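# Geometric and topological summary
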There are 2 protein chains.
Amino acid sequence: MPQNKQIVLDNRPQGEATVGNFKLVQTDTPALQDGQVLVQHHYLSLDPYMRGRMNDGKSYAQPQPLGQVMIGGTVGEVVESRHPRYAVGDKVVGMGGWQQYSVVDATTPGTMRKVDTTQVPLSHYLGAVGMPGVTAWYGLVKIINPKAGETVVVSAATGAVGSAYAAVAKARGCRVVGIAGGPDKCAYAVNELGFDVCLDYKVHTDVKSLSQALKEACPDGIDGYFENVGGYILDAVLLRTNAFARIAVCGMIAGYDGKPMPLSNPALILINRLKVQGFIVGEHMEVWPEALAELGGLVASGKLRPRESVAQGLEAAPEAFLGLLKGKNFGKQLVKLI
Amino acid sequence: MPQNKQIVLDNRPQGEATVGNFKLVQTDTPALQDGQVLVQHHYLSLDPYMRGRMNDGKSYAQPQPLGQVMIGGTVGEVVESRHPRYAVGDKVVGMGGWQQYSVVDATTPGTMRKVDTTQVPLSHYLGAVGMPGVTAWYGLVKIINPKAGETVVVSAATGAVGSAYAAVAKARGCRVVGIAGGPDKCAYAVNELGFDVCLDYKVHTDVKSLSQALKEACPDGIDGYFENVGGYILDAVLLRTNAFARIAVCGMIAGYDGKPMPLSNPALILINRLKVQGFIVGEHMEVWPEALAELGGLVASGKLRPRESVAQGLEAAPEAFLGLLKGKNFGKQLVKLI
């Protein structure tokens, strides 16, 4: 039985999250029972939703329990199997958590699925062809539902969700405008991800400046917006919405530390007859096959070339996660565990 | 040609609207041309949307032009006709404005329609069986779309929109909770309009108090909300929404004077996966026949018994309108012009 390093939530953040909220522990992996599979994780996914789980109190998901392995998506390889559908060497994606190995009960539907790495690199099943990609797809296709020629905007443009959003929106003939932090990210968004324009929120640091920049970047106004951030960025976008624009609300990373983050002018919802809709992609499993098929095709054809930030080793996960919350990552944030 | 008194917008409000923004003028009604009809107005409708039109600047509608007759819905009687479809004595509803008579070009579709007053009193075509009723119907049926047993809430509960909302929601088997100002209105909402509970915002004057009262009034949470008011009432309702609740945004009367009116916690849109949608009923003419048929049936059967506040004479219109904006009316606000 291999040794297994794990990271558990040791205590809850008071305001901003810190490395002191996490603790590294070491255990033995248990012997397998019938129907179980031992997976060695190659990559761990780090995602903003995890910050919400670290808080106690009401949210859409149960809080992460203290003393237990942090929740997280993983890809890896079957190294031992007592289930007939899985063989040693199979590549799998699942919710293995912040640890090197996981024991999966393969008889429970939906806990794990095999993936094909001939056209799509294994790590992309945690990003463009995984939960973040489907998140972008759902918000764009099911909530914004843009027509060709419409202008759609996304914040956190170079992240895993933003990258997929741009590719799916371009495939539908939209003008796509991103918002990201810093000249390198903005250049990458335009040169590599297919954004028509990308605005730097580190240059446009208030509502007035950003809304003016959006006016120039979106000469026909904004028809759809995918919200990952919240705060003044949402205020600025709302000022540029066209009548009947649709806002998909997926994340409000700016508010995860508990700071109040009001919406300045909700009357715009009425004035522009907006639809503002929150969603969690895990509640819409029925769209995953269609979404994954489109996203896989975009990656295989080279139309979606997502970038990855890879931290090395489980011990690096807390620091990399805190960096993600501050936008220090560039592309999908992963931790390489082998 | 009869003399015609009119009220025009003389100047725009600086902050709160005042009687000084209006001016009474007197003219002759012009001679009719072919296809035109002269209508004597019996009632003028006063509605909150008019306040928005008094401002200059971007809104969903053109600003009311200075020096022209204030826009407004009217019911009346044809007193002279040069159009074959209209006869002297016909009862009609239209947008005649704040004046005693209007000359209507009856060849233009949608400017005026004949109504039947055998089962529905003429004045109700400005309220329950008119634009306010259809507004309530659209928000409830097309945006909130409640299932039997769900809890739906409305602010300005005893107004023209709120009254119709209660009747249409009860017909669908919902629990209906109102919010209104003062014990008389709240008692009336429960005793006459069919609300299960009505909360007094003059007792619950902040978010904490109102959200606690809503918790008690809505033990199964809130599934749908129809927003007429905005401000802290919206904040309090959002705190009590269930997952997948729908918010129809029809008015934000609290913000019409230009005071900033932020939404305190938009993260609830994500946490509770809300749909928040603004609408203007005039953009959905396709639903009017179905809505008016249901509303007329509810009035004719006595299930919807709307109350009216009637000011006497055109000269009383500005004062009555300003009272409406402060919630001084009790039921649909009309001005009787004959």
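Counting of residues starts from 1 at the beginning of each chain's written sequence and follows it residue by residue. Throughout, the order in which chains and ligands are written sets their labels, letters from A for the former and numbers from 1 for the latter. Predicted model: local features are reported for residues with pLDDT of at least 70 only, side-chain atom pairs are reported and counted for 80 or more only, and whole-chain, interface and lining totals are derived from all residues. In computing side-chain properties, one takes all heavy atoms of the structure into account and sets aside hydrogens as well as water.

### A word on the overall build of chain A
Runs of E in the DSSP output that reach at least two residues are strands. Runs of H or I that reach at least four are helices, and both are numbered from the N terminus. Counting secondary structure elements, chain A contains nine helices and 15 strands. Residue contacts follow a heavy-atom distance rule, with two residues in contact if any of their heavy atoms lie within 4.5 Å. The contacts of chain A with a sequence gap of at least 6 include a subset with a gap of at least 24, amounting to 68%. Under the convention used here, a 1.4 Å probe and the Shrake-Rupley method define accessible areas, while residue burial counts only the protein chains that appear. Accessible surface for chain A amounts to roughly 13600 Å². Of this, 52% is attributable to carbon and sulfur atoms. Charge convention: Lys and Arg are scored as positive, Asp and Glu as negative, and His as well as the terminal groups of each chain are ignored. Where a charge lies is defined by one atom per residue type, namely NZ (Lys), CZ (Arg), CG (Asp) and CD (Glu). Separation between the mean location of the 32 positive side-chain charges and that of the 30 negative ones in chain A comes to 4 Å.

### Quick word on the interface of chain A and chain B
On the chain B side, the residues contacting the 30 residues of chain A number 29 residues. For the pair chain A and chain B, the summed buried area comes to about 2400 Å², and 66% of that belongs to carbon and sulfur atoms. By convention in these notes, a salt bridge is any Lys or Arg side-chain nitrogen within 4 Å of a carboxyl oxygen on Asp or Glu. Where chain A touches chain B, the interface holds two salt bridges. The term polar contact refers here to a pair of N or O atoms within 3.5 Å; inside protein, the definition further demands a hydrogen-donor-capable atom paired with an acceptor-capable atom, and it admits residues adjacent in sequence only when both atoms are side-chain atoms. At the junction of chain A with chain B, the criterion picks out six residue pairs in polar contact (both at pLDDT 80 or more). Those elements that provide at least two residues to the side of chain A that touches chain B are strand 12 (241-249), helix 7 (267-271) and strand 13 (275-278) of chain A. Residue composition of the side of chain A that touches chain B, by class: 19 nonpolar, seven polar and four charged. Buried area: the accessible surface (1.4 Å probe) lost by two parts on joining, summed over both. Under the grouping applied here, Gly and all other residues not named as nonpolar or charged are polar, the nonpolar ones being Ala, Val, Leu, Ile, Met, Phe, Trp, Tyr, Cys and Pro and the charged ones Asp, Glu, Lys and Arg.

### Some words on the relation of the copies chain A and chain B
You can overlay chain A on chain B at an RMSD of 0.1 Å; the transform is a turn of 180 degrees with a shift of 0.0 Å along its axis. The operation mapping one copy onto its partner corresponds to a two-fold rotation axis. By residue overlap, the copies meet face to face through one surface: 97% of the interface positions of chain A are interface positions in chain B. Residues below a pLDDT of 70 in either copy are left out; the C-alpha atoms of the rest, at least 70 in both, set the least-squares superposition of the copies.

### Examining the nonpolar core
Judged by nonpolar contacts, the single largest core of 60 residues is most densely connected at Val153(A), Leu214(A), Val276(A), Leu214(B) and Val276(B). If near-sequence neighbours (up to four positions away) are discounted, Leu214(B) is found in contact with Ile179(B), Leu199(B), Ile222(B), Ala236(B), Val237(B) and Arg240(B). Each nonpolar core is a collection of buried residues, namely Ala, Val, Leu, Ile, Met, Phe, Trp, Tyr and Cys, held together in the definition by side-chain atoms within 4.5 Å. Accessibility here uses a 1.4 Å probe with only protein chains present; expressed as a share of the type maximum, an area under 20% marks a residue as buried, one over 50% as exposed, and anything in between as partly exposed.

### Quick word on the pattern of salt bridges
For the structure shown, the criterion picks out 28 salt bridges over all chains. As a salt-bridge pair, Lys5(A) and Glu315(A) come within 2.7 Å of each other at their nearest N and O atoms. Residue Lys5(A) is located in strand 1 (residues 3-9), and its partner Glu315(A) is located in the loop between strand 14 (308-312) and helix 9 (317-325); the two are separated by 310 residues in the primary sequence. Judged by relative accessible area, which is 25%, Lys5(A) ranks as partly exposed. Between Glu16(B) and Lys326(B) there is a salt bridge, and its shortest N-O distance comes to 2.9 Å. In this pair, Glu16(B) is assigned in the loop between strand 1 (3-9) and strand 2 (22-28) and Lys326(B) in the loop between helix 9 (317-325) and strand 15 (332-336), connecting sequence segments 310 residues apart. Exposure remark for Lys326(B): the relative accessible area of 48% places this residue in the partly exposed category. By sharing partners, the salt bridges in this structure join Lys147(A), Glu150(A) and Arg246(A) into a single network.

### Quick look at the packing of helix 2 (residues 131-144) of chain B against helix 8 (residues 288-300) of chain B
Packed helices, taken two at a time, are described by the angle their axes make and the gap between the axes. Residues and elements named next belong to chain B. Two elements in contact, helix 2 and helix 8, have axes whose closest approach is 9 Å; the angle formed by their N-to-C orientations is 105 degrees. The angle between helix 2 and helix 8 falls in the class roughly perpendicular. Across from Met131, Gly133, Val134 and Trp137 in helix 2, the residues of helix 8 making contact are Trp288, Glu290, Ala291, Leu292, Glu294 and Leu295. Along the lines of polarity and charge, the residues of the contact of helix 2 with helix 8 split into seven nonpolar, one polar and two charged. Lines are fitted to the C-alpha atoms to define the axes, a helix being fitted only along its stretch in contact, and any angle between axes, read from their N-to-C directions, falls within 0 to 180 degrees. Every angle not falling under 35 degrees, over 145, or within 65 to 115 is termed oblique; those three ranges are roughly parallel, roughly antiparallel and roughly perpendicular.

### Regarding helix 2 of chain B
Residue and element names in this part refer to chain B. Multiplying 1.5 Å by the residue count of a helix minus one yields the expected span of that helix. When the terminal C-alpha atoms of helix 2 are compared, their 18 Å separation across 14 residues agrees well with the 20 Å that a helix rising 1.5 Å per residue should span. Most of helix 2 is tucked away: 12 of the 14 residues are buried. Of the residues making up helix 2, those classed as buried are Pro132, Gly133, Val134, Thr135, Ala136, Trp137, Tyr138, Gly139, Leu140, Val141, Ile143 and Ile144. The first or second residue beyond helix 2 is Asn145, which carries a positive phi of 45 degrees.

### What to know about the pairing of strand 13 (residues 275-278) of chain B
In this description, strands pair whenever DSSP reports at least two bridges between them. Two strands pair when backbone bridges link them, and strand 13 of chain A and strand 13 of chain B are joined in this way by three bridges, in the antiparallel orientation. Following the sheet pairing, Val276(A) is matched in strand 13 of chain B by Val276(B). Looking at chain direction, strand 12 (residues 241-249) of chain B and strand 13 of chain B are connected through four bridges and run parallel. Within strand 13 of chain B, the residue paired with Ile247(B) across the bridge is Val276(B).

### Observations concerning the domain arrangement of chain A
Residues and elements named next belong to chain A. What fixes the domain bounds is an automatic or database domain assignment. Under the domain assignment, chain A is made up of domain 1 (3-127 + 306-336) and domain 2 (131-282). Averaged C-alpha coordinates put domain 1 and domain 2 at centres separated by 28 Å. Taken residue by residue, the interface counts 20 residues in domain 1 and 13 residues in domain 2. Surface buried jointly by domain 1 and domain 2 totals about 1400 Å² across both partners, of which 61% is contributed by carbon and sulfur atoms. At the boundary of domain 1 with domain 2, the tally comes to four residue pairs in polar contact (both at pLDDT 80 or more). For the side of domain 1 that touches domain 2, the elements supplying multiple residues, two or more each, are helix 1 (49-54) and helix 9.

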